[in-house]
Amino acid sequence: MAQIDSVSVTPAMLNALLPMHLIVAPDGGIDSAGPTLRKILRTGAVRMSDAFVLTRPVAQEDEHQTLLQAAQSAERVFLRMIEPPHLTLRGHAVALGSGRLLLNLGFGIGLADAVRELELKDSDFAPAELAIELLFLHEANRAVMGELSRFNLRLEEAREVAETQAFSDPLTGLYNRRGLELALAMALRAANSGNPPVGGAAGAGAAGFALAHLDLDRFKEVNDQHGHAAGDQVLCRVARVLSSETRNNDTVARVGGDEFVLILPGMTSAPALERLSERIIAEIERPIIVDNAECGISASIGITMSSLYETPQAEQMLADADAALYRSKNGGRARASLHQSDAGSGSARDT
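Residues numbered from 1 in each chain as written. Predicted model: local features only at pLDDT ≥ 70, side-chain atom pairs only at ≥ 80, totals over all residues. Heavy atoms only, no water.

A closer look at the side chain of Asp169
Tracing the backbone through its elements, the reader meets Asp169 in the loop between helix H6 (131-167) and helix H7 (177-193). A polar side-chain atom of Asp169 sits 3.2 Å from a polar atom in the side chain of Arg254. Residues in contact with Asp169, not counting those within four places in the same chain, are Leu174, Tyr175, Asn176 and Arg254. (Helix = DSSP H or I, 4+ residues; strand = E, 2+ residues; numbered from the N terminus. Polar contact = N/O pair within 3.5 Å; in protein donor to acceptor, adjacent residues only side chain to side chain. Contact = heavy atoms within 4.5 Å.)

Considering the packing of aromatic side chains
In this structure the tally under the stated criterion is 0 aromatic pairs. The ring of Phe167 carries the charged tip of Arg178 above its face, separated from the ring centre by 5.2 Å. (Phe/Tyr/Trp six-rings, centres within 6.5 Å; stacked < 30°, edge-to-face > 60°. Lys NZ or Arg CZ within 6 Å of the ring centre and 35° of its normal.)

Overview of a nonpolar patch on the surface
Residues Val144, Met145 and Leu148 make up a contiguous nonpolar surface patch of roughly 270 Å² in combined accessible area. Inspection of the secondary structure assignment puts Val144 in helix H6. (Patch = residues over 30% accessible without salt bridge, like charges linked within 9 Å, V, L, I, M, F, W, Y side chains within 5 Å. Areas by Shrake-Rupley, 256 points an atom, 1.4 Å probe, with all protein chains shown as cover. Salt bridge = Lys/Arg side-chain N within 4 Å of Asp/Glu carboxyl O.)

Structural notes on the packing of helix H9 (residues 228-245) against helix H10 (residues 270-284)
In contact at an axis separation of 10 Å, H9 and H10 are set at 150 degrees when each is read in the N-to-C sense. One element, H9, and the other, H10, form an angle in the roughly antiparallel class. In this structure, H9 crosses over H10, and the sense of that crossing is right-handed. Counted together, Arg237, Val238, Val241, Leu242 and Glu245 of H9 and Leu276, Arg279, Ile280, Glu283 and Ile284 of H10 form the full contact between these two elements. Of the residues that constitute the contact of H9 with H10, the class distribution is 6 nonpolar, no polar and 4 charged. (Axes fitted to C-alpha atoms, helices over the stretch in contact; angles between N-to-C directions. Parallel < 35°, antiparallel > 145°, perpendicular 65-115°, else oblique. Left-handed = near helix turned anticlockwise from the far one by under 90°. Nonpolar A, V, L, I, M, F, W, Y, C, P; charged D, E, K, R; others polar.)

Things to note about the sheet that holds strand S5 (residues 52-56)
Across the sheet, 6 strands lie side by side as S4-S3-S8-S7-S6-S5; this open sheet has antiparallel pairing. Edge strands, defined here as strands with exactly one partner in the open sheet, are strand S4 (30-33) and S5. Between one strand axis and the next, the sheet turns through 30 degrees on average, direction left out of account. Pairing geometry for strand S6 (residues 77-81) and strand S7 (residues 88-97), over 4 bridges, is antiparallel. Bridge assignment links Phe78 to a residue of S7, and that residue is Arg90. With respect to the sheet, helix H4 (residues 63-73) is in contact with strand S3 (21-24), S5, S6, S7 and strand S8 (100-106), its orientation differing from that of S7 by roughly 80 degrees. (Pairing = 2+ DSSP bridges.)

Things to note about H4
Every buried residue belonging to H4 is among His64, Thr66, Leu67, Leu68, Ala70 and Ala71, and all of these are buried. In this fold, the buried residues of H4 make contact with S3, helix H3 (48-51), S5, S6, S7 and S8. You can read the cap of H4 off the contacts: a side-chain oxygen lies 3.1 Å from the backbone nitrogen of His64, and it is on Asp62. Positive backbone phi, at 55 degrees, marks Ala74, one or two positions downstream of H4. (Buried < 20%, exposed > 50% of the residue type's maximum accessible area, 1.4 Å probe, protein only.)

Considerations on the packing of helix H8 (residues 219-226) against H9
Relative to each other, H8 and H9 sit at 145 degrees, their axes nearing to 7 Å. Within the contact between the two elements, H8 uses Phe219, Val222, Asn223 and His226 and H9 uses His228, Ala230, Gly231, Val234 and Leu235. Its residues assigned to classes, the contact of H8 with H9 shows 5 nonpolar, 4 polar and no charged.

Some remarks on the pattern of salt bridges
The final tally for this structure, using the stated rule, is 8 salt bridges. Between Lys329 and Asp217 there is a salt bridge, with the nearest N and O atoms lying 2.6 Å from each other. Of this pair, Lys329 sits in helix H11 (residues 314-330) while Asp217 sits in strand S9 (residues 209-217), and the two are 112 residues apart along the sequence. Among the salt bridges present, the one from Lys220 reaches Asp224, with a minimum N-O distance of 2.8 Å. With Lys220 and Asp224 both in helix H8 and 4 residues apart, this pair spans about one turn of that helix.

This is the structure in structure tokens:
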């Protein structure tokens, strides 16, 4: 071994000071390996090439000669493990004479993976190394980042809940009036620009939409005879009917006690709207049993379409749908009325 002030450096000293050392013979054989390095050497490995691949510097012909040149130029050495977990070790090589090399290696940025995969402990590192301290910092940083991620997720969820509550009816879960205004503004923007609304079908008339105003018939009798709790159950049942009979990209809103508004993108066919209205009315007319009492209601609907206007506006369409609704009420209820306009004019008239 080397002489330092006439004191021999014994293998025990080398292991204590450099637990990640490797002494390589001129023929590539492993003469000595530190205790930590022995944990990752492949079983039966007697040569460096049995356990590692030299990745830097790139070997031109002979790996050992390349390592000797790296030792002379103080160039860093990088070795990749052949066996899983295929970690890359890095360090320096020192020539010991007679062609032998001393390599002192470390895990670098792969430290956390090495500790996890190889189950290393504080005693596996040299006392002067900051490996464990760096590992603690890494784990602490990961814990902080994880907590920040969870906090951001909770914050995002809280924001989504707040937005949902701001635009939703608390009883039925449908859009409220604010939600309707937002959805109607988007539908009008698409209709006036000629672009199909988000989720709407492409093609002719795709940017058009229908607006339906629905009011329950005989709902006041339910509240008067069975109480407001029964009325709430009826409203929830109606909300489920409207949601099931409409499409995912349709908007269903509760805008008053027993008033609902539907926005139906791409629905510009009067026969299709009539069929939809018939299905909705038929489902709403099914008897609703609340506390062993039958609550019978129906619905009247007024409909207008954006295609009936040169430039559709929210106030005008809502007013025309409301007027069509009252035509349904006055015409005997449990029916739908479609608002129509004079061709080429911006105003609408009832039929």
